[in-house]
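Okay, here's what each chain looks like letter by letter:
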Amino acid sequence: QVINYLSNAKALIFPVRGCEAFGSVVIESLAVGTPVIGLDNCTLPELVTNQKTGILVKNKHGLETAISQINKIKRSACRQQVVKNFTFDKMIDKYETLYKKVIKQK
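Just so it is clear, the structure is predicted and the values come from calculations on it, not from any experiment. (Residues numbered from 1 in each chain as written. Predicted model: local features only at pLDDT ≥ 70, side-chain atom pairs only at ≥ 80, totals over all residues. Heavy atoms only, no water.)

1. Quick look at the pairing of strand β3 (residues 54-57)
To keep things clear, this is the line we draw: Exposure classes here rest on a 1.4 Å probe applied to the protein chains alone. A residue is buried below 20% of its type maximum, exposed above 50%, and partly exposed in between. Strands here mean DSSP runs of E at least two residues long; helices mean DSSP runs of H or I at least four residues long; both are numbered from the N terminus. At least two DSSP bridges between two strands are needed for those strands to be called paired.
The alternating pattern of β3 places G54 and L56 and I55 and V57 on opposite faces, both of which are buried. Inspection of the sheet shows strand β2 (residues 36-39) paired to β3 by four bridges, in the parallel sense. The residue bridging I37 from the neighbouring strand is I55, located in β3.

2. Some points on unusual backbone geometry
The backbone phi angle of C42 is positive, close to 50 degrees, even though this residue is not glycine. Take C42: it is sitting in the loop between β2 and α3 (44-47). Using a relative accessible area of 30% as the deciding quantity, one classes C42 as partly exposed.

3. Things to note about the environment of N4
Summarising the element assignment, N4 is placed in helix α1 (residues 2-8). For N4, a relative accessible area of 47% translates into the label partly exposed. Sequence-wise, N4 and G38 are 34 residues apart; in three dimensions their C-alpha atoms are separated by 21 Å.

In short, the description is geometric, and any link to function would need to be established separately.
Below, the structure is given as structure tokens:
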């Protein structure tokens, strides 16, 4: 049911100031074609391409403007970004590369 709500939403508003290790809710939103509006900090800029798959703002005051502009974001671009960067196989490859790099440094 959560997927149904998320896929029918105009946007996911993600005004989190603290850093999350990985924004799984953001990826889930993009995967169903829902753009993300959030603060331009921590990992969000790594997951959302500003003005293409969502809108990143500097502070909470920018959220209202972003909401009024969300219809400019193509839902297909959101889905494409997940397919390009966050499929199961691609995530495994990225983790393996990271683990090898860490092991090599030790």
